[in-house]
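# Examination of the molecular architecture
Letter by letter, the chains look like this.
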Amino acid sequence: MNVQRGARGKLENQPLKIKLKISGAAVYDYTCFGVDKNEKLSDDRYMIFYNQTSSPQNEISYTEISGGAEFTINLEKIPATIQKLIFTGSIDGAGKMGEISNCKFFIEQRGKENILAEFTGADFQNEKAVTAIEIYRKDGWRFNIVARGFDGGLDTLLKFYGGEQAEESPKVSTPPAPKKVSLEKKISESAPKLVSLVKPLKVALEKKNLQETVARVALVMDISGSMYGTYSDGTVQEIVNKIVPLAVQFDDDGELDFWYYGSICRRMDAVTLQNYENAVPRDWDKLMKSLGQGNNEPVVMQEVINEYKKSRLPAYIVFISDGGVSREGEIKRLLIESSKMPIFWQFVGIGGTGLLSRLFGGYGIFEKLSTLSGRYVDNANFFALDDFKKVDNAELYSRLLNEFPNWLKEIKAKGII
């Protein structure tokens, strides 16, 4: 049934799901606060959100879904100390609830979405958050469709419900350092089409403890003839779109250094949030022909080495290939040579499983990096994707950043940087 703000009713004492979906130009956080009789978060383990996805006994769990989040709740297992579950949506970064397109709240039991509430930005004003639904104890379990705006974001919600706050640093006589502009703010203001990438990237960065990492970032893009279909169907532009936020996060200048390579290579203008949609030129087929349509990884690898070998910052290189990698001796030499430099190579294979690619060497040495000897440090990683456009963003960023933290520790330990 469709319900309005303030609607209340009884729930069956059965497992249920709460779905929250907010559509708009901002990044949205979804949180469940399990509070006591005083409506306080007396146990922080019952704050369930993207960075703590389940309660102690998995009574409440969080999953990201398309356009929002889903909470699965086993009502029978909720401890007696938890009297109410409060589900909220909040804006992470710039924006206000009055600017959203719409928000939808669902309650599902026995596999059916029994209750739906839907609102638009006109139902809110300048608030940064919304209290969506409450599930509370009263002769069993009941629901309340609150749908009220809340002044302040997730940090303010946490404080309101009594969660522990990090202690503020004591005041000092020296002026404070300027606050770094958040990734959310940069992207929401300059490239709103990419805003959905922020949350999965942030989760991957937090899991790998890379939030404060500063590095130069480069994308090396295969433009050999066998990549024709990958350019024509928009996959290459999707790759650029998803790598740009990494550069914005790691590099203070927010620039992604960029190379195309075929039989020869060409360095392009740096990609930014302002020009990323033009990184793949409309006449890319002419560029493909001008660069020879072959595969010559060593020629572009040498240019990358020349650029970063004396860098004071680590350089993170995303190197895209669809296979046909055959110059293994030269590639091996360059990987060994650069292993004493502040350069990390993240090789990614795109659709190189076809017969033609295999006939011309497949991914070659990239698939053998784990056994490549002679390097000062392990400076490279490889994984392949059958279809880049279909891979989940959270999975993509997790794989892209999997080996990078270990390399950072090792080069620091060995004094490379």
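See the structure printed just above.
Notes on the structure in this doc start here. (Residues numbered from 1 in each chain as written. Predicted model: local features only at pLDDT ≥ 70, side-chain atom pairs only at ≥ 80, totals over all residues. Heavy atoms only, no water.)

Our focus in this paragraph is the overall build of the protein chain. Each helix and strand counted, the protein chain has eleven helices and 17 strands in total. Among the 417 residues that make up the protein chain, the fraction classed as buried is 52%. Nonlocal contacts in the protein chain, meaning residues at least 24 apart in sequence, comprise 74% of its contacts between residues at least 6 apart. With an accessible surface of roughly 19800 Å², the protein chain has 45% of that area assigned to carbon and sulfur atoms. In the protein chain, 54 side chains carry a positive charge and 55 a negative one; their mean positions are 1 Å apart. (Helix = DSSP H or I, 4+ residues; strand = E, 2+ residues; numbered from the N terminus. Buried < 20%, exposed > 50% of the residue type's maximum accessible area, 1.4 Å probe, protein only. Contact = heavy atoms within 4.5 Å. Areas by Shrake-Rupley, 256 points an atom, 1.4 Å probe, with all protein chains shown as cover. Lys, Arg positive; Asp, Glu negative; His and termini not counted. Charge placed at Lys NZ, Arg CZ, Asp CG, Glu CD.)

Here the focus is the packing of aromatic side chains. Each aromatic ring pair is specified by the distance between its two centres and by the angle formed by the two planes. Applying the stated criterion across every chain, the model contains 27 aromatic pairs. Centroid distance Tyr-316 to Phe-344: 6.1 Å. Interplanar angle 5 degrees. Geometry classified as stacked. Of the two residues, Tyr-316 sits in strand S15 (residues 315–321) while Phe-344 sits in strand S16 (residues 343–350), which places them 28 residues apart along the sequence. Comparing Tyr-316 with Phe-344 shows no difference in burial state: the two are buried. On the numbers, 5.7 Å between centres and 50 degrees between planes, the contact of Phe-344 with Phe-404 is tilted. (Phe/Tyr/Trp six-rings, centres within 6.5 Å; stacked < 30°, edge-to-face > 60°.)

Further remarks concern a nonpolar patch on the surface. A cluster of nonpolar residues, Val-214, Leu-313 and Ile-417, forms a patch on the protein surface that exposes about 190 Å² of accessible area. Structurally, Leu-313 can be placed in the loop between helix H7 (297–308) and S15. (Patch = residues over 30% accessible without salt bridge, like charges linked within 9 Å, V, L, I, M, F, W, Y side chains within 5 Å. Salt bridge = Lys/Arg side-chain N within 4 Å of Asp/Glu carboxyl O.)

Right, let's talk about the sheet that holds strand S3 (residues 28–35) for a bit. Ordered in space as S1-S11-S10-S7-S3-S4, the six strands form an open sheet in which the pairing is antiparallel. The open sheet terminates on both sides in strands that have one partner only, identified here as strand S1 (8–11) and strand S4 (47–48). Judged from the eight bridges that link them, S3 and strand S7 (residues 84–91) form a sheet pairing that is antiparallel. When the sheet's bridge partners are listed, Phe-33 is paired in S7 with Ile-86. (Pairing = 2+ DSSP bridges.)

Looking at where Asp-222 falls in the secondary structure, it is placed in strand S12 (residues 216–222). One buried charge, Asp-222, has no salt-bridge partner; the nearest side chain with opposite charge is Arg-327, at 12 Å. Looking at Asp-222, its side chain comes within polar contact range of the side chain of Ser-224, at 2.7 Å. With sequence-adjacent residues up to four places away left out, Asp-222 is seen in contact with Met-227, Tyr-231, Tyr-261, Asn-295, Ile-320, Ser-321, Asp-322 and Gly-323. (Polar contact = N/O pair within 3.5 Å; in protein donor to acceptor, adjacent residues only side chain to side chain.)

It is worth spelling out helix H5 (residues 235–250) at this point. In this model H5 runs 24 Å from its N-terminal to its C-terminal C-alpha over 16 residues, within 8% of the 22 Å that 1.5 Å per residue would give. Counting buried residues in H5 gives 15 out of 16 residues, a clear majority hidden from the surface. (Expected span 1.5 Å × (residues − 1).)

Its place among the elements puts Glu-307 in helix H7. Taking the C-alpha atoms as reference points, Glu-307 and Arg-5, separated by 302 residues in sequence, lie 59 Å from one another. Excluding its chain neighbours within four sequence positions, the residues that come into contact with Glu-307 are Arg-216, Trp-259 and Arg-267.

Judged by nonpolar contacts, the single largest core of 60 residues is most densely connected at Tyr-231 and Leu-400. The element best represented in this core is H5, accounting for nine residues. Look past the residues within four positions of Tyr-231 in its chain and what remains in contact with it is Met-221, Asp-222, Ile-223, Val-236, Tyr-260, Val-280, Trp-284 and Met-288. (Core = buried A, V, L, I, M, F, W, Y, C linked by side-chain atoms within 4.5 Å.)

A word on the packing of H5 against helix H10 (residues 393–400). At a closest axis distance of 12 Å, the pairing of H5 and H10 adopts a crossing angle of 55 degrees. Of the possible angle classes, the one that applies to H5 and H10 is oblique. Crossing handedness for the pair H5 and H10: right-handed. Residues Lys-242, Ile-243, Pro-245 and Leu-246 of H5 form the contact with H10, whose own contacting residues are Asn-393, Leu-396, Tyr-397 and Leu-400. (Axes fitted to C-alpha atoms, helices over the stretch in contact; angles between N-to-C directions. Parallel < 35°, antiparallel > 145°, perpendicular 65-115°, else oblique. Left-handed = near helix turned anticlockwise from the far one by under 90°.)

Right, let's get into the pattern of salt bridges. Any two side chains of opposite charge can pair, on the condition that their charged atoms come close. Per the counting criterion, the structure on display carries 22 salt bridges. Among the salt bridges present, the one from Arg-267 reaches Glu-307, with a minimum N-O distance of 2.9 Å. In this pair, Arg-267 is assigned in strand S14 (residues 265–267) and Glu-307 in helix H7, connecting sequence segments 40 residues apart. Classification of Glu-307 as partly exposed rests on a relative accessible area of 28%. What emerges from the salt-bridge pattern is a single network uniting Asp-29, Asp-92, Glu-184, Lys-199 and Lys-202.

At Glu-39, a residue that is not glycine, the phi angle is positive and equals roughly 60 degrees. Note on placement: Glu-39 falls in the loop between S3 and S4. In this structure Glu-39 comes out as partly exposed when scored by relative accessible area, which is 33%. A positive phi angle, near 65 degrees, is found at Gln-293, a position not held by glycine. Mapped onto the elements, Gln-293 comes out in the loop between helix H6 (284–290) and H7.

Interpretation in functional terms is not warranted from these geometric data alone.
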